[in-house]
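Below, each chain spelled out in residue letters.
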Amino acid sequence: MEKVATRVHELIVVSKSRKEAYQAAANAVSDPSLHQKFEEFGLQNLHFISDIRYFSDYDESEEDPQQPLAMLWKDIMIAINNQGFTDKEDIKDACQKAEKETVKFFEQVYEDQLPPELLLIISKQLMNIKEAEASLKL
């Protein structure tokens, strides 16, 4: 059960960082369709976090561990907020590259021996992430 809680905690940390990066991206772009897309990607994380909390005793008040993928998303958010990325193509490119790494991480987690109901939730989110990655390539 400890392995499940640890993996869920990692998924929550990554998803929180992904959500924050997409919120920053949405606020940074003037293109209405891209803004909406970034907002949607951010909201997917909220739903996912809500769905998987049941499998962990995650505490919002605890400091999040230095999970490398979460740090990548946080770096993107910081760069956007500090005007490091001002061009929508730079933002899309950075998010697309981070999504590629997020897909790898979720696929690794999916290979773990986790409860079937948790794997179902993870597989749905993995599909959402793959769709996000593909749409950012366009």
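Preceding this paragraph is the structure being described.
Below is a short write-up of the structure. Here the structure is a predicted model, which means the values were calculated and not measured.

Describing the overall build of the chain
Part 1: In terms of regular secondary structure, the chain is built from five helices and zero strands.
Part 2: Its C-alpha radius of gyration of 15 Å places the chain within 12% of the 14 Å reference for a compact globule of 138 residues.
Part 3: Projecting the C-alpha coordinates of the chain onto the three principal axes gives extents of approximately 45 × 30 × 20 Å.
Part 4: Taking all 138 residues of the chain together, 46% fall into the buried category.
Part 5: If you take every contact in the chain between residues at least 6 apart in sequence, the share linking residues at least 24 apart comes to 78%.
Part 6: Roughly 7500 Å² of accessible area belongs to the chain as shown, and the carbon and sulfur atoms make up 51% of that amount.
Part 7: Separation of charge centres in the chain, based on 16 positive and 26 negative side chains, amounts to 5 Å.

Quick look at the environment of E133
Part 1: Topologically, E133 is positioned in helix 5 (residues 116-137).
Part 2: Once you skip the residues sitting within four places of it in the chain, E133 turns out to touch Q96, E99, K100 and V103.

Observations concerning the packing of helix 3 (residues 68-81) against helix 4 (residues 88-110)
Part 1: Where helix 3 meets helix 4, the axes come as close as 10 Å, and the angle between the chain directions of the two elements is 170°. Compared by their axis directions, helix 3 and helix 4 come out roughly antiparallel. Here helix 3 contributes L69, L72, W73, I76 and I80 to the contact with helix 4, which in turn contributes I91, A94, C95, A98, E99, E101, T102 and F105.
Part 2: Broken down by class, the residue content of the contact of helix 3 with helix 4 amounts to 10 nonpolar, one polar and two charged.

Topic: the environment of I122
Part 1: Here I122 shows up in helix 5.
Part 2: Relative accessible area serves as the criterion here: at 0%, I122 is assigned to the buried category.
Part 3: Sequence separation between I122 and Q36 is 86 residues, and the spatial gap between their C-alpha atoms is 24 Å.
Part 4: Once you skip the residues sitting within four places of it in the chain, I122 turns out to touch L11, F48, F106, V109, Y110 and L114.

Let's talk about the pattern of salt bridges
Part 1: This model, assessed by the stated rule, comprises seven salt bridges.
Part 2: K104 is the partner of E101 in a salt bridge, and the nearest nitrogen-oxygen pair spans 3.3 Å. Residue E101 and its partner K104 are both found in helix 4; the two are separated by three residues, about one turn of the helix.
Part 3: Through salt bridges that share partners, R7, E10 and D112 make up one connected network.

Let's talk about the packing of aromatic side chains
Part 1: Under the defined criterion, the tally for this structure stands at six aromatic pairs.
Part 2: Arranged with centres 5.0 Å apart and planes meeting at 80°, the rings of Y54 and F55 form a pair that is edge-to-face.

So, the environment of Y110
Part 1: Relative to the helices and strands, Y110 resides in helix 4.
Part 2: Between the C-alpha atom of Y110 and that of L120, which follows or precedes it by 10 residues, the distance is 9.3 Å.
Part 3: Setting aside anything within four residues of it in sequence, one finds Y110 in contact with L119, I122 and S123.

Rules and cut-offs
Residues numbered from 1 in each chain as written. Predicted model: local features only at pLDDT ≥ 70, side-chain atom pairs only at ≥ 80, totals over all residues. Heavy atoms only, no water. Helix = DSSP H or I, 4+ residues; strand = E, 2+ residues; numbered from the N terminus. Rg over C-alpha atoms; globule rule 2.2 N^0.38 Å. Buried < 20%, exposed > 50% of the residue type's maximum accessible area, 1.4 Å probe, protein only. Contact = heavy atoms within 4.5 Å. Areas by Shrake-Rupley, 256 points an atom, 1.4 Å probe, with all protein chains shown as cover. Lys, Arg positive; Asp, Glu negative; His and termini not counted. Charge placed at Lys NZ, Arg CZ, Asp CG, Glu CD. Axes fitted to C-alpha atoms, helices over the stretch in contact; angles between N-to-C directions. Parallel < 35°, antiparallel > 145°, perpendicular 65-115°, else oblique. Nonpolar A, V, L, I, M, F, W, Y, C, P; charged D, E, K, R; others polar. Salt bridge = Lys/Arg side-chain N within 4 Å of Asp/Glu carboxyl O. Phe/Tyr/Trp six-rings, centres within 6.5 Å; stacked < 30°, edge-to-face > 60°.

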